[in-house]
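Residue-level structural notes
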Amino acid sequence: MKAYRQAKKQLVRHQRAVSKKVIGSKNRRKAVKKLAKVHKKVADIRADALHKLTTWAIFKSQPPK
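So, how was this worked out
Residues numbered from 1 in each chain as written. Predicted model: local features only at pLDDT ≥ 70, side-chain atom pairs only at ≥ 80, totals over all residues. Heavy atoms only, no water. Salt bridge = Lys/Arg side-chain N within 4 Å of Asp/Glu carboxyl O. Helix = DSSP H or I, 4+ residues; strand = E, 2+ residues; numbered from the N terminus. Buried < 20%, exposed > 50% of the residue type's maximum accessible area, 1.4 Å probe, protein only. Core = buried A, V, L, I, M, F, W, Y, C linked by side-chain atoms within 4.5 Å. Contact = heavy atoms within 4.5 Å.

**Here's the deal with the pattern of salt bridges**
- Across all of its chains, the model carries two salt bridges by this definition.
- With a shortest N-O distance of 3.0 Å, lysine 40 and aspartate 44 are connected by a salt bridge. Here the residue lysine 40 and the residue aspartate 44 both occupy positions in helix H2 (residues 26-61), the gap between them amounting to four residues, near one helical turn.
- In this structure aspartate 44 comes out as partly exposed when scored by relative accessible area, which is 40%.
- A salt bridge links lysine 52 to aspartate 48; the shortest N-O distance between them is 3.2 Å. Here aspartate 48 and lysine 52 lie together in helix H2, a separation of four residues that amounts to about one turn.

Below you can see the structure in the form of structure tokens.
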């Protein structure tokens with residue numbers, strides 16, 4: 001969860017940076033690219049956590065052999 005919190009902070013920071021750039025500028029395009037990377041990172045962290053949780057739940061619900 002620590003990685004998720006850190007990534008969310010980065011998301012806020014990069015989103016603010018994009019909002020301060022001039023529309024159509026090259027710097028804005030670069031900032032949007034960075035923001036997209038952070039969005040992907042957050043999505044990957046969430047998907048990984050969900051996968052780990054569901055795998056754990058299935059493993060725990062199986063009776064021992």
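**Topic: the nonpolar core**
- The biggest cluster of nonpolar side chains holds eight residues, and these are Tyr4, Ala7, Leu11, Val18, Ala31, Leu35, Val38 and Val42.
- At the level of elements, helix H1 (2-20) and H2 are the ones that each hand at least two residues to this core.
- Non-local contacts of leucine 11, meaning those with residues more than four positions away in its chain, are made with Leu35, Val38, His39 and Val42.

**Brief notes about the environment of alanine 3**
- Turning to its location among the elements, alanine 3 is positioned in helix H1.
- Residue classification places alanine 3 among the partly exposed positions, given a relative accessible area of 40%.
- Considering only alpha carbons, one finds alanine 3 and valine 42, 39 residues apart in sequence, at a separation of 8.7 Å.

Bear in mind that shape data such as this cannot, by itself, settle questions of function.
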